[in-house]
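Here are the chains, one letter per residue:
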Amino acid sequence: MSKREAFLEATCKENVEDFLRFIQLHKDKAEPFDVEEVLQEMPREQREALWRRLASLLRDILLEFPPERWEGRGEEEDMQEEPTADSKHAVAVVDGVTLVSTVSLQVLQDDDPYSPLLEITRRLHDVLVSLPVSEAPLQNHIHALCEAWWKKGLQEKERFGRTAFFVSLQKSFILKKPVSGAEIQRVWRLHDVLLSLDYTSEENKQIIDLLLQCFHRPAHIRNDDGKRFLVFLFSWNINFIWVIHGTIKNQLEPMTTHIAEIYFRAWKKASGEFLEKIESLCIQDFMQNAIFLHRSSPVHSKVRQIVSYFHTRKDCRNVDKMLYNLYRPILWKALSAPNFEVRANSTLLFTEAFPFYDPSESNEKIDENIQKQLDTNLLDDPHPTVRSNATLGVCKILAKCWELLPPTIITDFAKKLVAELAADSSSPDVRCSVFKCLTIVLDNALSHPLLEKLLPTLKYSLHDNSEKVRIAFLDMLMKVKAVRAAKFWDVCNMDHLLARLAIDSHSVSKRIVDLLFKSFFPVNESEKEWCNRCITLIQMNPMAARKFYQFAYRHTAPTNIIKLMLAIRRVLNSCIQVDCDMTDINDSNKENSAASPALLGKDMAIVSSLLEVVVILWRSVSKALKQNEEAQKYTCAKFGSVMSKYFQAFEDERATVPLIQLASFMPPTAVPMFSCGVMSRLRRMDSGAAPTQYSQLLDCICSWGQAANILELITDWLTDSLPKKDKATSGRKVCIMETVEAKPDLALAYLEHLFSHTSTREKVLALGPKPLKQLHIVLGNWKCVFCHFCLHKHPKHASVETALSAFKHHGRLGAHLQHNVRLIALSVIRLSTLIVNISGNTGLYFLTVCRDVLLVGLGDETFRGQILHLCSLILLSEAGYLCIPAVLPILKEVANSYASEDSKEPEENQEDPTTVILGVVSNIFQKIIELLARRLRKDPEEGKQLCQSAVPGLTDFLQVAQLWDRAPLSGVFSTLFAVIVVEKRHLLQKIEHPEAVIIPESVDDMPPLSRILLSVILKSQPVTRSVLKVSFH
């Protein structure tokens, strides 16, 4: 018996095991049996017989084991069980029938009757619909059969094709990459199925919903076949276009570029009525939204991106005509609309899509239209935003169409930008736009000759009062240098650049250094030339030289920085031996002039500046030196060998400062003569010494790892200067101050410096608990001095200031050591009735400690209540207004400690401790506002300074207060609103004639206190909202 006869005989229920064995042989690639070969060898009659037997086998198996039983559900209990052996057997038979049917479609001839095969496919189609999730392989095989049936174009292909398409569409959503990509590809292969579906039919509603979801699926939008499919959907049904467009608009995806490409390709492939719908319903709708949407709208930028995509494709056929026709009814009206945002948006679109023309018109008509567009006067718009956008647009047009535009128009535009808009005094944004946009024009080399003549007129823009304008101007100068349009020093000379470098902010200085780096640090030249350029820079502007070398490490390797330091060292060494006057130096060429090191002599200004440059350079590469121990040792050895000579030769005070800083970078053994005398100098320092006299010496001690020595000195001085009891007196005990050599004020000044700088504080805290605890105890002992003088009514005594300063440092050190500073502060608060009469500085010291206690979370409810009571007493005192900047942070910390816990409580209890405390906070704040207003009336200048000093604390307090949308802190915003209204009303009452009334146009036009309060309020949207909420009530 042949293979085909045996296979035919096995295709029945009685020989089903043989059938399954044949199917297994087919799947086994090592076996010679292949179903497709067998079917191809069969004559027509045998194939028909095989299909009939297959249909009979499938019918019998499905009757005996319907798909509902394949998941193993019990009859009595609705619970899922493992599939039984019979159900597995049924699945295997159905899978085998599916395989043979799929292969049969491949060998089916045009004249073959296939009604049995159609019956099989119908049954399998019904099985596919009811298959459990567990049978995914069988589902895939039946799915493939339905797809093959559609592609073959046989009877009922619409039914099977629809199912195949629907299943593929579902899988493209469910499956993950890369399988989903294959399913998207299959969806695209089956896209013609949609042409056979009725768009209006209810049974296709589920498919339509899935189709719309495709426009929000990144997998479909990014995939090439997915894009083809989405483009095709625009041509499926004309009514579906508006539905697609609405779906995309409702949720604009971040992948806007892909969406724009889909719209463009759909428009490009469309024709007739479909083309008109896409243009009018979709593209023109996006254009209108790009014009009329608020600039602050989150979707405005995405809509702009879609419209801009069409502008970038103007080189494609018919795009110019489409843009001309769609923009014509809306754009020209928008350019003259009353609303400035509409004008600004339309200006961007107009200049981006320029020129608008219909290619089908005559050349004369096109030229006429373009000339009208060029004559549109947007650069003179009354609103700065429109002028800024017009500036951007004009510069883009000049860069793109320079060779096409008439020279007169180019010159007019360039002069308008440079001569007028770059000096627009009404708006820094417009000035900034000019310089930002000129960089676009500079990309076109044809613009360089004209701009080379015009740009020097802009040199004073480097000194614009707006930082962003100065930054934009420098960015333009860097562009000029990069494209070699002109010599940047011809646009703005070196003296101006260095003057601005010396005084300007980090952002501006960084750009100036970018511009000048190669001029003053030519890395390709010799080290001697580096030194010469350095000296030249110092001669031109010493302050600028320091700034320049602060940023030098950004532009070159640490190796070059160290080489320059050593080269400067050689110059300084030569200065020790040569005595010559600096007037011999030739400074004719200020950019590249070089001063011979031998000619420096002992001009201490140059020498001091060179030493400062070495310190700046060393600090900039300190991290790199720490990572390279060998380089650090070499550098320290080189400088250490000459430091003693430098100290002897350069005795000028300005030179000594950088020399001490240099010494701090090296180990003490590298500078033995200097390091041995540092502690002696600190001991001999006068009590009233300025911080500049001892700060660097303290830095040296700490950097050398000798912080313990200075801490011991501070502890000894504070201990020795404490008042002692006189043992010679009998009977009564009198507390008197004993005269000692100790300098407690200087000790506290040293301690202030050590704790105020991160580097020194870390060194001190690293000493361990023993010396720090000893110092903490000594500082705490000074409390008795404070108590003694307060109780004996001598609050003005000099020792009180020292005691309060010691108490402040006691609290700070206690926080570092995690001591209970609150108990100490609380004991002193009890003396509040005495404290309010002492000097303002002492009160500030004390309030600072109390604020720190609150800041680290050590203040409980009792402490908060008492510190608020103290704040009230201080504010009521004669000089209490001076403590307002210190009281506001305390109010903020007290309110913040409750806001995080209680602000969400739904009900308010008048006797609740939180309500009481925050009510006190609100009352104290009201008192602060009254004091500010009273001070402004009595002494306007002092009042303004006081208000400015209170701004940081006021800003922080209002940020916390706005967290409470109810009483008691809502009274804070009532106070603010009331004082603004009262102050303005008081001002109006002084005006005698109605003509003298001036309507305020900005915050600056308001009265002094209102001006400051409003400037703080308007900085924060939540605070502004809270004030407005009070005003509405």
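From a predicted model like this one, the values you see are computed outputs, not experimental measurements. (Residues numbered from 1 in each chain as written. Predicted model: local features only at pLDDT ≥ 70, side-chain atom pairs only at ≥ 80, totals over all residues. Heavy atoms only, no water.)

A closer look at the overall build of the protein
Link 1 in the chain: The helix and strand inventory of the protein stands at 54 helices and two strands.
Link 2 in the chain: Across the 1033 residues in the protein, those meeting the buried criterion constitute 50%.
Link 3 in the chain: Summarising the internal contacts of the protein: among those between residues at least 6 apart in sequence, 71% fall at separations of at least 24.
Link 4 in the chain: By element, 51% of the accessible surface of the protein is carried by carbon and sulfur atoms, the whole surface being about 50,200 Å². (Helix = DSSP H or I, 4+ residues; strand = E, 2+ residues; numbered from the N terminus. Buried < 20%, exposed > 50% of the residue type's maximum accessible area, 1.4 Å probe, protein only. Contact = heavy atoms within 4.5 Å. Areas by Shrake-Rupley, 256 points an atom, 1.4 Å probe, with all protein chains shown as cover.)

Points about helix α32 (residues 604-620)
Link 1 in the chain: For α32, built from 17 residues, the straight-helix expectation of 24 Å at 1.5 Å per residue is met to within 8% by its first-to-last C-alpha distance of 24 Å.
Link 2 in the chain: Of all 17 residues in α32, 14 are buried; the element is thus mostly enclosed. (Expected span 1.5 Å × (residues − 1).)

A short note on unusual backbone geometry
Link 1 in the chain: Looking along the chain, the bond that leaves F354 and enters P355 is cis, with omega of 0°.
Link 2 in the chain: The phi dihedral of N318 is positive, around 75°, even though this residue is not glycine.
Link 3 in the chain: Along the chain, N318 falls in the loop between α16 (300-312) and α17 (319-327).
Link 4 in the chain: Phi angles above zero are rare outside glycine, and R484 is one such case at about 55°.
Link 5 in the chain: For R484, the location among the structural elements is in the loop between α25 (467-483) and α26 (488-491).

Section: helix α22 (residues 407-420)
Link 1 in the chain: An ideal rise of 1.5 Å per residue puts 20 Å on 14 residues; α22 measures up with 19 Å between its terminal C-alpha atoms.
Link 2 in the chain: When α22 is considered as a whole, its buried residues turn out to be I409, I410, F413, A414, K416, L417 and V418.
Link 3 in the chain: Looking at the packing, one finds that the buried side of α22 touches α20 (363-374), α21 (384-401), α23 (428-441) and α24 (448-454).

Quick notes on the packing of helix α50 (residues 913-938) against helix α52 (residues 970-989)
Link 1 in the chain: As a packed pair, α50 and α52 sit with axes 9 Å apart at the nearest point and diverge in direction by 20°. Here α52 runs roughly parallel to α50, going by the angle between their axes. Relative to α52, the crossing made by α50 is right-handed. Residues S922, F925, Q926 and I929 of α50 touch α52, and the partners they reach there are G971, V972, T975, L976 and V979.
Link 2 in the chain: Among the residues making up the contact of α50 with α52, the classes are represented as five nonpolar, four polar and no charged. (Axes fitted to C-alpha atoms, helices over the stretch in contact; angles between N-to-C directions. Parallel < 35°, antiparallel > 145°, perpendicular 65-115°, else oblique. Left-handed = near helix turned anticlockwise from the far one by under 90°. Nonpolar A, V, L, I, M, F, W, Y, C, P; charged D, E, K, R; others polar.)

Let's talk about the side chain of D320
Link 1 in the chain: In this fold, D320 is placed in helix α17.
Link 2 in the chain: Note on D320: relative accessible area 11%, which makes it buried.
Link 3 in the chain: With residues up to four places along the chain from it excluded, the contact list for D320 reads K314, P355, Y357 and P359.

Here's the deal with the packing of aromatic side chains
Link 1 in the chain: One pass over the full model with this rule turns up 34 aromatic pairs.
Link 2 in the chain: Measuring from centroid to centroid gives 5.9 Å for F264 and Y309, while their planes differ by 70°, and the two rings are edge-to-face. In this pair, F264 sits in helix α14 (residues 256-269) while Y309 sits in helix α16, placing the two residues 45 residues apart along the sequence. With respect to burial, F264 and Y309 carry one shared label: buried.
Link 3 in the chain: For the ring pair Y646 and F650, a centre distance of 5.5 Å and an interplane angle of 35° mean the geometry is tilted. Comparing Y646 with F650 shows no difference in burial state: the two are buried.
Link 4 in the chain: By way of ring pairs, the aromatic residues F517, F520, F521, W530, F548 and Y549 are connected into one cluster.
Link 5 in the chain: Of note, K157 hangs over the ring of W150, and the distance from its end group to the ring centre comes to 5.0 Å.
Link 6 in the chain: A cation over a ring is seen here: R935 above Y881, with NZ or CZ 4.2 Å from the ring centre. (Phe/Tyr/Trp six-rings, centres within 6.5 Å; stacked < 30°, edge-to-face > 60°. Lys NZ or Arg CZ within 6 Å of the ring centre and 35° of its normal.)

A closer look at the packing of helix α29 (residues 527-540) against helix α30 (residues 542-550)
Link 1 in the chain: At a minimum axis distance of 5 Å, the contact between α29 and α30 shows a crossing angle of 135°. Judged by the angle between their axes, α29 and α30 are oblique. In contact with C534, L537, I538 and M540 of α29, α30 contributes P542, A545, F548 and Y549.

Looking at the pattern of salt bridges
Link 1 in the chain: For the structure shown, the criterion picks out 37 salt bridges.
Link 2 in the chain: E612 is the salt-bridge partner of R654, the closest N and O atoms lying 3.2 Å from each other. Taken together, the residues R654 in helix α35 (residues 653-665) and E612 in helix α32 connect sequence positions 42 residues apart.
Link 3 in the chain: With a relative accessible area of 14%, E612 lands in the buried category.
Link 4 in the chain: By sharing partners, the salt bridges in this structure join R122, D126, E156 and R159 into a single network. (Salt bridge = Lys/Arg side-chain N within 4 Å of Asp/Glu carboxyl O.)

Read these as spatial facts, not as claims about activity.
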